[in-house]
Amino acid sequence: MKPADVNKYRKALDKISESAKKDLLDAYAQMSNWPIEQQREALGDVFSEICRRYGNLSGAVAAEFYDLIRGQSNAPAGYRATLAPNVPDVQAKGAYDYSARHFDSDTPEKVVASLNGRLQRFVENTARETVHVNASKDRARVFWARVPAGGKTCAWCYMLASRGWVYATAQTAGGVGNEFHNDDRCMIIPSFDDSPALAGYDPDAMYEKYQAARQQTEGELTGKNIAATMRDMFPDDFRDGNKVPSILRDASKGWPKDSPPVTPTTWGHVLDRHQATAKNVAERKRVLANGGRFRELFDGMTPYEIAVLVQEVASTGIKFPPEGPRGILNYHKIVDGREYAVGFKYRDGKAIEFNTSFPVREDRRRL
């Protein structure tokens, strides 16, 4: 399988989806001076028609792609892909009715933005179903993989894509638990080879991150919970990664209920100053070599491991309030033989803002 063919397929689907969105926007613009109820009814008809028209186009592109991939394999000749049905009108109408609620608001123009994600999902659904339907009818042995398209994807799609070429039925390729969401650009790619591979798609590396998140997930091991942990552990890998791990701001994830949540600014401050980056390690060596004192670093710890430690210290550490009504409230705890501190700004008997966290120097230990 050639990556160029997959990329061409994705670009074709993108072009179809963008054209569908443009037609919807143009139609809405033409109705801008109509009475709201007339707009509501007319735009619903247009939305259903655009779903059908561009769904047929995406299905045709998928059928061509299926035949191309099949033709490059050793699968027996004689099969030609056919188009799958579009999303049922009743489903398109239900989605439209949900978005049309914006007609009753002060910002009726938001109806188009609300519809765009659904429009792309419905249009590309025909392409995905075309692959599913033909693979289920085809006598050749077929494997699928869910392949994210270009750049960062969301944690949910990444998790599903990490399973590799394991989808052996149309149901598991996009059925329960594997559904597609609005603005989802993942592709279900068929392969007719006994050892499927696609350059640029490395499910083994993806699966390692999934497994790491699975091991860190507290509570029920559902896909939703594991994906949430992935957003915490690898925020830079996903377009919906968490700027601050949820364990530092959400009481249901273990953050103390009486402690203010950690903000992106202060979390960035902790990592910039105390994470053992190459820059910080080099600076520490330079300062110590010249007889100075350098701030302590979280040696050998990932940002998520630091977050876990901060949560532990803030939850179970020994409390050291300031002497007056204002100052810094510190929690200290020894973990694996080393003392750590978590500090909050303190006003009138309570913590009002997360301030910092760091490993405590030997000459400043309190425990």
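Everything below is about the structure shown above.
My aim in this report is to walk through the structure given alongside it, one point at a time. Please read all numbers here as calculations on a predicted model, not as lab measurements.

Here the focus is the pattern of salt bridges. Evaluated as defined, the whole model comprises 25 salt bridges. In this structure, Asp-89 and Arg-52 form a salt bridge, with 3.1 Å as the shortest nitrogen-oxygen distance. Note that Asp-89 is positioned in helix α3 (residues 89–99) and Arg-52 in helix α2 (residues 36–71), a separation of 37 residues in sequence. Asp-89 gets classed as partly exposed once you look at its relative accessible area, which sits at 43%. In this structure, the salt-bridge partner of Arg-284 is Asp-299, at a minimum N-O distance of 3.0 Å. You can see Arg-284 sitting in helix α10 (residues 278–289) and its partner Asp-299 sitting in the loop between α10 and α11 (303–316), a full 15 residues away along the chain. Look at the salt bridges and you will find they share partners, linking Arg-10, Asp-14, Glu-124 and Arg-128 into a network.

Moving on: the sheet that holds strand β3 (residues 318–320). The strand order β3-β4-β5-β6 describes an open sheet built from four strands, whose pairing is antiparallel. Pairing within the sheet leaves two strands with one partner each, and these edge strands are β3 and β6 (350–359). Taken pair by pair, the neighbouring strands of this sheet meet at an average axis angle of 25°, ignoring direction. Across three bridges, the pairing between β3 and strand β4 (residues 326–335) is antiparallel. Within β4, the residue paired with Ile-318 across the bridge is His-332. In the packing of α11 onto the sheet, the strands contacted are β3, β4, β5 (338–347) and β6, and the crossing angle to β4 comes to about 110°.

Our focus in this paragraph is the nonpolar core. Of all hydrophobic cores here, the largest spans 96 residues; its most connected members are Tyr-9, Leu-43, Phe-47, Met-230, Leu-248 and Trp-267. No other element matches the 12 residues that α2 contributes to this core. Those residues in contact with Met-230 that lie beyond four places of it in its chain are Ala-155, Tyr-158, Met-159, Tyr-210, Ala-213, Pro-235 and Phe-238.

Applying the stated criterion to the full structure yields one cavity of 30 Å³ or more. What the largest cavity holds in volume is close to 50 Å³. Elements supplying a minimum of two residues to the lining of the largest cavity: α1 (3–30), α4 (110–137) and β2 (187–191). Residue classes in the lining of the largest cavity are distributed as seven nonpolar, no polar and three charged.

Criteria and thresholds
- Residues numbered from 1 in each chain as written.
- Predicted model: local features only at pLDDT ≥ 70, side-chain atom pairs only at ≥ 80, totals over all residues.
- Heavy atoms only, no water.
- Salt bridge = Lys/Arg side-chain N within 4 Å of Asp/Glu carboxyl O.
- Helix = DSSP H or I, 4+ residues; strand = E, 2+ residues; numbered from the N terminus.
- Buried < 20%, exposed > 50% of the residue type's maximum accessible area, 1.4 Å probe, protein only.
- Pairing = 2+ DSSP bridges.
- Axes fitted to C-alpha atoms, helices over the stretch in contact; angles between N-to-C directions.
- Contact = heavy atoms within 4.5 Å.
- Core = buried A, V, L, I, M, F, W, Y, C linked by side-chain atoms within 4.5 Å.
- 1 Å grid on protein atoms, 1.4 Å probe; cavity = no way out; pocket = protein on both sides within 12 Å on 5 of 7 lines; lining within 4 Å.
- Points joined across faces, edges and corners; volume = space filled by probe spheres on them.
- Nonpolar A, V, L, I, M, F, W, Y, C, P; charged D, E, K, R; others polar.

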